[in-house]
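Structure at a glance
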Amino acid sequence: MSHGALGGFLHRRPSLNLFLLLVPPLLWFGTVYLGSLFALLAQSFYAIDEFTAKIVREPTLATYRQLLTQPANLDIVLRTLVMAIAVTVASAIVAFPIAHYMARHARGRTKALFYVAVMLPMWTSYLVKVYAWRLILAKQGILSWVLGTLGLQGALDALLATPAIGGPSLSSSYIGMFIVFVYMWLPFMILPLTAALERVPASLVQAAADLGATPAQTLRQVVLPLALPGLAAGSVFTFSLTLGDYIIPSVVGAPGYFIGMMVYQQQGTAGNIPLAAAFSVVPIVLIAIYLALAKRLGAFDAL
Amino acid sequence: MTRAVDDVSLAIAPGEFFSMLGPSGSGKTTCLRLIAGFEAPDAGEVWLEGRDVSAVPPYERDVNTVFQDYALFPHMNVAQNVAYGMRVRGVAPAERAQRAAEALALVKLEGFGERRPNQLSGGQKQRVALARALVNRPRVLLLDEPLGALDLKLREEMQLELKSLQRRLGITFVYVTHDQGEALSMSDRVAVFDRGRIEQLAAPQELYLRPRTAFVARFVGSSNVFEGALAERLAGSPVPFAVRPERIQVQAPADPVPEAYLACEGTLLDVQFHGATSRWQVDVDGRVLAAEPRDAAPVAAGTRLRLVWPRAAMAPLEPGAA
């Protein structure tokens, strides 16, 4: 068949054409991407033999029992979950005004500048940024020096004296870890939120004003509900990235374990792949619950 | 600096159906947005019922707008859309629901309250937008090309409905359109806009019978504009004038020109059948004139013929850019 004949043959069979075009990416997605995920899930239904430290390849719920009954493991899940929620809420609060300005006010060069500024931190190595933050937040670091110079040392000390989230310095407390998480994931909240806000037609904002809504009412009753899908998308990023990260909690912050660190340790030094797999199922379940809640609250109604 | 509108001065009477007519980019929508408060004038003032509202934000102006794209809130149902103005003004829920239902009945959409805007047809969205604006009992209702997205039949229906609503409610309507037929048939007065200025502000009949400029003559209805040498040869004066096609009769070049008529000769190019009338395109010295003669016997394209019209049908125009 000549080239032209093949083109004509496919042109008359659009579904076959589409199928052939989609096979390579679908194979990749199906085997490499979902396949490895299901292999991981399958691992979580195995258990490790306590004496031989060998994996017993028989389906069992023993690993999940271990995960859900040992208080130490539950602590890790709870600690990670609380951090992920705090980071998500803070990211949304910081991101919204920036995204709103980018989507509805900035034009031309200013807008381009904002996009570059939001994405610029992602151009540097993740590790460099984390270690840089450890220095910034250290006891004798830049931040404490700035606060000390401004006469705010007392405020910092008071903050660090807060039970549970405080600590000897910012770099060794949950507050510091929280600051680094928010810094790291902020672009992932700003970008989808900006995209969602850009899709809100200007005429809707004008219609609200025309009907007597003050700018605050318009924001709360028209702009925010219509931007919810973007907020949901951004929060899935910040939420899941926090749930899965193991570098930030091991470089900055208090010594308590996080899910990501646990996965890293169990599959590495401890060699307990089933428990590592079971731990990595936790974020998947939490995100599924989160999305179900968001849907229930109408976050996707405007889609 | 370019000016979207310049030197526009107009006074609209209470209860009037006032139209702003012009091609796109002529400044009519900018004027509407100035009245609504979405734009602030760089110079000049907007007065509403004896009060200078130039610096008053839109949410404190007693006007409501029907937007070209309807601007219905997609996350609210029809009843919530209609009640939104009352909700932000703190009207009690029971009264809100009752008045929203009344407003929906007014636009013949009883029972549509629970639907979402994306479940409505274009004409229904239009009615919801109208109900949402009218339910607040504004002093002035602003309508920005409200029928632009509807098909012809629906548009004609809505024109009649809008006009009868306006009469019944006694609200001042300020209506922006580029459709001259719409403006003529509905309005008490029409302001014709071109390039940011008002070309003429008059009642529809006056606009049609005595257009002041060549632009108005051509844009409102269609008109044959005679100017320069042709005007001088035919009428004996270089003052340009316009003649409506329906006032022009055709006759054979040999026939005598009636008393008090002007005439010119040309070649028939084409005849377009329009139903009630037929439009004859006639080439007169390289210019194409249009005539809509009554009871004219059909002739073949290329025939020489004479166009005649009574002197009284001539509307003198202001000289200027044509």
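Residues numbered from 1 in each chain as written. Chains lettered and ligands numbered in written order. Predicted model: local features only at pLDDT ≥ 70, side-chain atom pairs only at ≥ 80, totals over all residues. Heavy atoms only, no water.

Describing the overall build of chain A
What chain A contains, in helices and strands, is 14 helices and 2 strands. Its C-alpha radius of gyration of 24 Å places chain A more than 25% over the 19 Å reference for a compact globule of 303 residues. Relative to its 303 residues, chain A shows a buried fraction of 39%. Taking the contacts inside chain A whose residues are at least 6 apart along the sequence as the reference set, 67% of them involve residues at least 24 apart. A total accessible area of about 16700 Å² is found for chain A, and carbon and sulfur atoms account for 72% of it. Looking at chain A, you have 17 positive and 9 negative side-chain charges, and the mean spots of the two groups are 12 Å apart. (Helix = DSSP H or I, 4+ residues; strand = E, 2+ residues; numbered from the N terminus. Rg over C-alpha atoms; globule rule 2.2 N^0.38 Å. Buried < 20%, exposed > 50% of the residue type's maximum accessible area, 1.4 Å probe, protein only. Contact = heavy atoms within 4.5 Å. Areas by Shrake-Rupley, 256 points an atom, 1.4 Å probe, with all protein chains shown as cover. Lys, Arg positive; Asp, Glu negative; His and termini not counted. Charge placed at Lys NZ, Arg CZ, Asp CG, Glu CD.)

Digging into the pattern of salt bridges
Residues and elements named next belong to chain B. Counted under the stated rule, the structure contains 19 salt bridges over all chains. Across the salt bridge formed by arginine 33 and glutamate 39, the nearest N and O atoms sit 2.9 Å from each other. Looking at arginine 33, the relative accessible area reads 21%, which means it is partly exposed. Look at glutamate 39 and you get partly exposed, because its relative accessible area is 32%. Here glutamate 265 makes a salt bridge to arginine 304, at a shortest N to O gap of 3.6 Å. Pair noted here: glutamate 265 is in strand 12 (residues 261-273) and arginine 304 is in strand 15 (residues 304-310), with a separation of 39 residues, a long-range link. (Salt bridge = Lys/Arg side-chain N within 4 Å of Asp/Glu carboxyl O.)

Looking at the domain arrangement of chain B
Residue and element names in this part refer to chain B. Domain parsing of chain B yields domain 1 (17-211) and domain 2 (222-316). Relative placement of domain 1 and domain 2: their C-alpha centres are 40 Å apart. Between domain 1 and domain 2 the total buried area reaches about 370 Å² when both faces are included, carbon and sulfur atoms providing 42% of it. It is Tyr208, Leu209 and Pro211 in domain 1 that bury the most area against domain 2; as a group they hold 93% of the surface buried on that side. Scanning the region where domain 1 abuts domain 2 turns up 0 salt bridges. Residue classes in the side of domain 1 that touches domain 2 are distributed as 4 nonpolar, no polar and 1 charged. (Domains from an automatic or database assignment. Buried area = accessible area lost by both parts, 1.4 Å probe. Nonpolar A, V, L, I, M, F, W, Y, C, P; charged D, E, K, R; others polar.)

A few points about the packing of aromatic side chains
All names here are of chain A. For the structure on display, the rule yields 18 aromatic pairs over all chains. The interplanar angle of 35° and the centroid separation of 6.2 Å between the aromatic rings of phenylalanine 181 and tryptophan 185 together place this pair among those described as tilted. Of the two residues, phenylalanine 181 and tryptophan 185 both sit in helix 9 (residues 174-198), 4 residues apart, roughly one turn of that helix. A relative accessible area of 0% means that phenylalanine 181 is categorised as buried. A residue is classified by how much of its surface remains accessible, and tryptophan 185, at 6% relative accessible area, is buried. Their ring planes at 20° and their centres at 4.6 Å tell us that tyrosine 246 and tyrosine 264 sit as a pair that is stacked. (Phe/Tyr/Trp six-rings, centres within 6.5 Å; stacked < 30°, edge-to-face > 60°.)

Notes on the environment of A:Pro97
All names here are of chain A. With respect to the element layout, proline 97 can be found in helix 4 (residues 71-104). For proline 97, a relative accessible area of 48% corresponds to the partly exposed category. Along the sequence, proline 97 and arginine 107 sit 10 residues apart, while their C-alpha atoms lie 16 Å from each other.

Focus: the packing of helix 3 (residues 62-69) of chain A against helix 4 of chain A
All names here are of chain A. Contact pair helix 3 / helix 4: the axes reach a minimum separation of 5 Å and the direction vectors enclose 75°. Overall, the two elements helix 3 and helix 4 adopt an arrangement that is roughly perpendicular. For the pair formed by helix 3 and helix 4, the contact residues are Gln66, Leu67, Leu68 and Thr69 on the first element and Pro71, Asn73 and Leu74 on the second. (Axes fitted to C-alpha atoms, helices over the stretch in contact; angles between N-to-C directions. Parallel < 35°, antiparallel > 145°, perpendicular 65-115°, else oblique.)

Focus: the interface of chain A and chain B
Taken residue by residue, the interface counts 18 residues in chain A and 23 residues in chain B. Inspection of the region where chain A meets chain B yields 0 salt bridges. For the interface between chain A and chain B, the tally reads 9 residue pairs in polar contact (both at pLDDT 80 or more). Listed by contribution, the elements that provide at least two residues to the side of chain A that touches chain B are helix 10 (202-210) and helix 11 (215-244) of chain A. (Polar contact = N/O pair within 3.5 Å; in protein donor to acceptor, adjacent residues only side chain to side chain.)

Overview of the confidence of the model for chain B
Residues shown with low pLDDT carry predicted positions that ought not to be read at fine detail. Looking at chain B as a whole, its pLDDT mean stands at 90, while 99% of the residues score no less than 70. Model confidence for the complex: the whole-complex pTM is 0.80, and ipTM, which rates the interface, is 0.83. (pLDDT = per-residue confidence, 0-100.)

Remarks on the sheet that holds strand 13 (residues 278-284) of chain B
Residue and element names in this part refer to chain B. Taken together, the 5 strands give an open sheet; going across it, the order is 11-15-12-13-14, and neighbouring strands pair in antiparallel fashion. The open sheet terminates on both sides in strands that have one partner only, identified here as strand 11 (249-251) and strand 14 (287-291). Between one strand and the next, the sheet's axes are offset by a mean angle of 45°, whatever the strand orientation. Examined bridge by bridge, strand 12 and strand 13 share 6 bridges and lie antiparallel to one another. Note on strand 13: the bridge partner recorded for threonine 267 is aspartate 283. Across the sheet, helix 9 (residues 228-235) is in contact with strand 12, strand 14 and strand 15; its angle to strand 12 comes to roughly 125°. (Pairing = 2+ DSSP bridges.)

Things to note about the side chain of B:Gln159
Residue and element names in this part refer to chain B. Position of glutamine 159 relative to the elements: it lies in helix 5 (residues 152-169). Residue class for glutamine 159 comes out buried when judged on its relative accessible area of 14%. Separated by 3.4 Å, the side chains of glutamine 159 and glutamate 182 make a polar contact. In this structure, glutamine 159 is in contact with Leu147, Glu182, Ser185 and Met186, ignoring residues within four places of it in sequence.

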